[in-house]
Structures are given as structure tokens and as C-alpha cells.
Amino acid sequence: MTASTEATGSVGVAEAPPSGPPRAAAAIRTTGLTKRFPGGQVAVNAIDLEVPRGAVYGFLGPNGSGKTTTIRMLLGLVGSTAGEHELLGDPMPGSAGTVLPRVGALVEGPAFHPYLSGRDNLMRLDSGDRTVPARGAGERVGTALERVGLTAAAGKRYRKYSLGMRQRLGLAAALLRPRELLVLDEPTNGLDPQGTREVRTLLREAAGEGATVFVSSHLLSEIEQVCTDVGVMSHGRLVFQGSLPDLRRAAGLRVRVETSQPALAAEVLARLGTGAPGTRPDGVVAELDGVASDRVTAELVAAGVDVHQLVVERPDLEELFVALTGEGFDVDE
Amino acid sequence: MSTSSTLERPVPMVAAADSAPRRSFALRLFRSELALVLKRRRNIALVAVLCCFPVLIGIAVHHSPTTPGDGPPFLSQVTDNGLFLVFTSLTVLLPFFLPLAVAIASGESIAGEAGIGTLRSLLVVPVSRTRVLLVKYAGTLVFAFMCTLAVAVVGVIVGLILFPHGDATLLSGTTISYGQTLGRAVLVAIYVTVMLAGLAAIGMFVSTLTEVPIGAMAATALLAIISQIADNIPQISGIHPYLLTHPWLSFGDLLRSPIGWHTLQTGILTELAYIAVFMPLAWARLQTKDISS
């Protein structure tokens, strides 16, 4: 496991991100957005999303944590039980007719007519958009197909498409015309590593051209490289929101000591007031919890522990992600 | 997966700031819907099956002379004028096969798109829910008309081949020219389509209640059958005039001279009443529905 070694003493949760540009600049904003299903189950619990314009916002959380329901509410597919939300500064779902043409969306995987070709499926969606002239339809569809690398398979029936091709067609639908905001739900689902990379490239390009990208995933590692901001969902709640550096800072430092006397070392660490030390055959690991690392070194040596190596490290984002959302294979209810 | 990707291509993805939305012709989606309905293999097969009936009835009548009064209405007239094959066929098909076709098309409409998830794709385009409903209903009606018209056209052709054609004697005893009779056949096809429009409206409503198209289809077909059974129970004759299927077979009045407009009018009003009730219900249901498929 790779871990960055840190020398700074600043530890703990980072201060709130500087609220720079005016609040009107948000591409997505929700206040107390809640979805309670008729059965009483609360899928999304009073979340306050704030997606700055131009950001690539990673919307993270395990399966069943409320990501897709949130996205459905954002786009007006599902009504909210409480709270408000706006896209590109306009209230939804009231402004759907004027806002959504500027939003490209892929919701919970691609969905197309199986017996129509990829091209015909996109033509159908294009024909529903009353804000674009009919004339350019073929060109728009052709361009979108080319962007996702489906030109060669454009005439094939959708039912013959592989999962990866279907996902690409879904992305092509989102890219049918220039968009100010892309809302993509698990766009890398079913893609091979190369396809995943291509999606990341697409996201970077879109962001490079000034679009805001809101992309959900249950795999932090897949989108970590392209995100500027992240929101983390767990059990319907937004448990973290901020920039990626903020998230990194939220992960506390920890000390890893390699020694042949792990029990003794753990004793020393516990006395110093670190987090509960975890012993391994070759050493011990503990959250620093504000204890200075040089003090740890000095105390260990004073106690006669033969320290082979002492590393102060930050858990990587994956570990932090798991810490935020809970471990295990349990699917949230 | 096709990996011939050309992602490096610089195609602008972000809207130009000044691209003011222009309202383009609203019928584009309707044309797309028509193509979807009319090119669909299942629908083509349905029409093909319906078209077999005029052929079968024609051959049967041609090979076995019937005695007047036997078999379905107009059957005995077929041997006098082939055009009556159209009316016989529609009479045979109207109680079950035509409503079944309409139940399939209308039940499929919303539930089918919801079931495979394409409804959400349309809604985020965005296509308003009202527009989805209207376009789907229009597509269903066109399909109903196609079914009826196909039966009529095949009936005319088979009639021309197997039976005499010329002036026709109407049910009222008047004689009109072949051309005029053709006109009556078109009117009958239109009337039958209007009769099916009421059922289609019910089918649209049922279709908004589920994401399982086959369920919506079955329920709609069942309603048409129940209505016809109720129409045959004399003890409840009081409700007969209000039943969906009650006026369906009145199209015989189009084969009189002068045309019996009064019954036809009542029939059309009955269907319009059903449309006026069930389309708003479908709209209200779809408007508030959570699209979670």
C-alpha cells in the first residue's frame, strides 16, 4: 500500500473550504433534499450538495447509499419529499424544460430500444429535443458517436451491443450536444480498464471546455484522478463534501512502527495517547491523534524498543472512503 | 467492445454562451414514434395476422355457398359484392382481435418505455411527460387505424379477386356505385378506429400504472372483454348504453342510405367520454409518477 509520508504537524479535519466565488455560481445546489419512499424508507436524507461551476465532482458512496436516487431527483425523474434543488441556477423541477437541454445525463446505466440501432436510438432522443434544429440531427448524432468510439457499430442493433458499447452509447446520448453540465451515474460501469481510461479522458475534456461534471461512482479509485471535488454518501446522508485536498486532509496521520517487539511498542504508544494501536507480527500501527511523531520516536527508544523503521503516513483515500461509509459487503437497506 | 476510439478529436462539448434555444418543429418526436411503432416486428406481425382474416373468410365463402342469415353479419352479401368482405371481416375482428392489437399497443406505450428504462432517457432530453403521453397516444391511434385499414384494403383486394364487384345494394335496399361503396369502407375504417380510441385511452392509463407492459396489455384486453360480456347480460341492460364496447358494431349504420348518423354520433360520443376520463387520469398518474426504473 502506498502512503505519503508527511512531515507537517497539522492533523485532524481540515477547516471548511474557502467559500470563494459567489454562491450563485453553483452548477448544482440542493438544500435539505430528501426522498422518503412510500414504504417509509428514507433513501436520501436532507443533503446539501454544492457543486461549483467548472468542477469535476465525484459523487461517491457504496451501492445503495442514495446516489442514484439523488441523481433522479436532481433531474426531476423522482419527486423529492422535502428540500429544494437547482441546476445551473434555475429551480428544478420547475425549469426542467429550459435547464435540461443544457444538461447531459446518464442515469443508472444506459437504456435504449433493443431493436433500434445505436444511431437510431440517438436520433430518437435528438428528435425529442425541441431546442435544436431538426436539420443538424444526423451531424449531432454522428459527432456524439465518434466521440465515444462507436462510429463503426452505429448501424448495429442495440441488443447486439456489448455492455461496454451500451455504456458508450449512454455517454454519447449525454454528449449529443454541447452541455454546460454533465450528470453521469456510474459511467465506468461495465467498461474494461481501457474504456474506463477513455471515460476519464472524456470527463477531463469536458471539464477543460468549461463544463461542470457531476459523476457518481462506488469506486473512488476510478474517478479520484479526475475529480476536483468530492461528496461522499453513506446511508442516504452526505457525510463529506469538499475539495479532494480537503478529503486528504480529513484523513488523520498515523504512525507505523516496524519492530520485533510489537507488544512493547503498543504499550508505549498507548501511554502517549495515540489512537488504539493495532499490533502486527512485525510491528504496530496507530492513529497519531495529535501526538508529535518525534516524541513517539524518543519514547520508543527510551523504552528500549528496537525500532527498525518508523513511518508517519496518511491512509490513502480508499481507506478513508471505507472509514466514512462503513466496511463490509452489506448493502445499505 | 469496439475499441476504435477517437477520443482525442477536438469536438466542442460545451455550449456556446449565446446559443439561444430555438423551438423546432414539435412533430419530430411523433415521427420517431411512428417509425418505432410501425417498424416494430411484433406490430407488423399483428397486422399480418389481422390481414389473414379477410383472406380466410373470402376463401371460405367462395368455396361454400352460405344460406342467408347464417354466420356473421354481411356474410350473405359477400357473394353479391366483394366489398362486403371488408365489413364481414371487421365484424369478425372487432370483438376480440382488433381490441387485442390495440391493448398490446396501448399497454406497451408507457409501461414498455418505463420497463426498459428509455422513459427516463426521454424525460431528461427533456421531453415533458405530457408530450410523452400525447405522442404515445397518437402513435397508438395511428397503429389502430393501420390495423383497421389493412384489413379493409386486404378485404377490398380479396373481394375484387373472388367476388363480383360493381354497384352494391346497401342494407337499406338502396343501390350505390362501387366508388361510393369504397368511400363507405373508408368511413367504416375511421369509425372503427374511433371506437378503438376509447380502449386505447384506457390502455394508456393502465400503462402508466406499471412497468410491466405485458400486465398492462392483459388488463386492457380483459377490460374490453368484460365490457362485451356485460353488454350481453340483459339483467343490466340499464348500463349497456354506457359500456365502452356497446357502440362498436354500430358501423352497420354507415351501410344505409341515408347514413344512420344518430347511432354513430352516440357511439362516437361514448368513446370521446371514455377518452375524456382516462386520458386526464393517465396524465395525472404520469405527472406524479416516480420514474425509478
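The structure under discussion appears in the preceding block.
Calculation notes
Residues numbered from 1 in each chain as written. Chains lettered and ligands numbered in written order. Predicted model: local features only at pLDDT ≥ 70, side-chain atom pairs only at ≥ 80, totals over all residues. Helix = DSSP H or I, 4+ residues; strand = E, 2+ residues; numbered from the N terminus. Buried ≥ 20, exposed ≤ 12 C-beta atoms within 10 Å, placed from the backbone. Contact = placed C-beta atoms within 7 Å. Core = buried A, V, L, I, M, F, W, Y, C linked by C-beta atoms within 7 Å. Pairing = 2+ DSSP bridges. Axes fitted to C-alpha atoms, helices over the stretch in contact; angles between N-to-C directions. Right-handed = clockwise from strand over helix to strand, strands pointing away.

Visitor: Please clarify how the overall build of chain A should be interpreted in this entry.
Guide: From N to C terminus, chain A includes 11 helices and 15 strands. Here chain A holds 333 residues, and 49% of them are scored as buried. Put simply, 70% of the contacts in chain A that link residues at least 6 apart link residues at least 24 apart.

Visitor: Help me out: how do you make sense of the overall build of chain B in this one?
Guide: For chain B, the helix and strand inventory stands at 10 helices and 2 strands. Along the chain direction, N to C, the helices and strands of chain B fall in the order α-α-α-α-α-α-α-β-β-α-α-α. Across chain B, every contact between residues at least 6 apart in sequence was considered, and the portion connecting residues at least 24 apart equals 77%.

Visitor: What's the story with the environment of Pro241 of chain B in this structure? I'm lost.
Guide: Residue and element names in this part refer to chain B. Along the polypeptide, Pro241 turns up in the loop between α9 (213-231) and α10 (261-288). The exposure class assigned to Pro241 is exposed, which follows from the 12 C-beta atoms found within 10 Å. Residues Pro241 and Gly267, spaced 26 residues apart in sequence, show a C-alpha to C-alpha distance of 8.9 Å.

Visitor: Looking at this model, I keep getting lost on the nonpolar core. Mind explaining?
Guide: Burial of nonpolar side chains together is a common tendency in soluble globular proteins. Residues and elements named next belong to chain A. Within the largest apolar cluster, 150 residues are counted, with the highest numbers of intra-cluster contacts made by Ala172, Val183, Val213 and Phe214. Contact partners of Ala172, with chain neighbours within four places excluded, come to Leu122, Ala144, Leu145, Arg147, Val148 and Leu150. Residues Val285, Ala286, Val296 and Leu300 belong to the second largest nonpolar core, which totals 15 residues.

Visitor: Can you walk me through the sheet that holds strand β8 (residues 181-185) of chain A in this structure?
Guide: In a beta sheet, neighbouring strands are held together by backbone hydrogen bonds and run either parallel or antiparallel to one another. All names here are of chain A. The 6 strands lie next to each other as β7-β8-β9-β4-β10-β11, forming an open sheet whose pairing is mixed. The open sheet is flanked by β7 (103-106) and β11 (237-243), the only strands paired with a single partner. Between one strand axis and the next, the sheet turns through 10 degrees on average, direction left out of account. Sheet analysis places strand β4 (residues 56-60) next to strand β9 (residues 212-217), joined by 5 bridges and oriented parallel. When the bridges of β9 are listed, Leu60 appears paired with Ser217. Across the sheet, helix α6 (residues 193-208) lies against β4, β8 and β9, angled at about 155 degrees from β9, the strand it touches most. Contacts from helix α11 (residues 317-325) reach β4, β10 (229-234) and β11 within the one sheet, and its direction differs from that of β10 by about 40 degrees.

Visitor: Help me understand the pairing of β7 of chain A in this model?
Guide: Looking along a regular strand, one sees side chains alternate from face to face of the sheet. Residue and element names in this part refer to chain A. Residues Val103 and Ala105 point to one face of β7 and Gly104 and Leu106 to the other, with burial holding for every one of them. Where β7 and β8 come together, 4 bridges link them in parallel fashion. Looking at the pairing, Val103 lines up with Leu181 of β8.

Visitor: How should the sheet that holds strand β12 (residues 254-259) of chain A be read in this particular structure?
Guide: Residues and elements named next belong to chain A. An order of β13-β14-β12-β15 is seen for the 4 strands of this open sheet, with the pairing classed as antiparallel. Sheet topology places β13 (278-280) and β15 (307-313) at the edges, where each strand pairs with a single neighbour. Going across the sheet, the axis of each strand differs from the next one's by a mean of 15 degrees, ignoring polarity. Sheet topology note: the β13/strand β14 (residues 283-287) ladder contains 3 bridges and is antiparallel. Opposite Arg280, over in β14, you have Gly283 as the bridge partner. Those strands touched by helix α10 (residues 293-302) are β12 and β15, and its axis lies near 160 degrees from that of β15.

Visitor: Please clarify how helix α1 (residues 67-74) of chain A should be interpreted in this entry.
Guide: Because an α-helix packs 3.6 residues into every turn, residues spaced three or four apart end up facing the same way. Most of α1 of chain A is tucked away: 8 of the 8 residues are buried. Where α1 of chain A terminates, the next one or two residues include Gly76 of chain A, which has phi positive at roughly 85 degrees.

Visitor: What exactly am I supposed to notice about the pairing of β8 of chain A here?
Guide: Residue and element names in this part refer to chain A. Taking burial as the measure, the 5 residues of β8 include 5 buried ones, the bulk of the element. Burial along β8 is two-sided: the residues Leu181, Val183 and Asp185 and Leu182 and Leu184 are all buried. Examined bridge by bridge, β8 and β9 share 5 bridges and lie parallel to one another. Across the sheet, the residue bridging to Leu182 is Val213, located in β9. In terms of handedness, the path from β8 via α6 over to β9 forms a crossover that is right-handed.

Visitor: Would you explain unusual backbone geometry in this entry?
Guide: Of note, the bond from Met92 of chain A into Pro93 of chain A is cis; its omega dihedral lies within 30 degrees of zero at 0 degrees. By the element assignment, Pro93 of chain A lies in the loop between β6 (90-92) and α2 (96-99). Between Val125 of chain B and Pro126 of chain B the backbone carries a cis peptide bond, its omega angle lying at 10 degrees. Along the chain, Pro126 of chain B falls in the loop between α6 (118-123) and α7 (129-162). At Leu88 of chain A, a position not held by glycine, the phi torsion is positive, near 50 degrees. Tracing the backbone shows Leu88 of chain A in the loop between β5 (82-87) and β6. For Leu88 of chain A, a count of 19 C-beta atoms within 10 Å corresponds to the partly exposed category. Unlike most non-glycine residues, Glu108 of chain A shows phi in positive territory, near 45 degrees. With respect to the helices, strands and loops of the structure, Glu108 of chain A is situated in the loop between β7 and α3 (118-128).

Just geometry here; none of it tells us what the structure is for.
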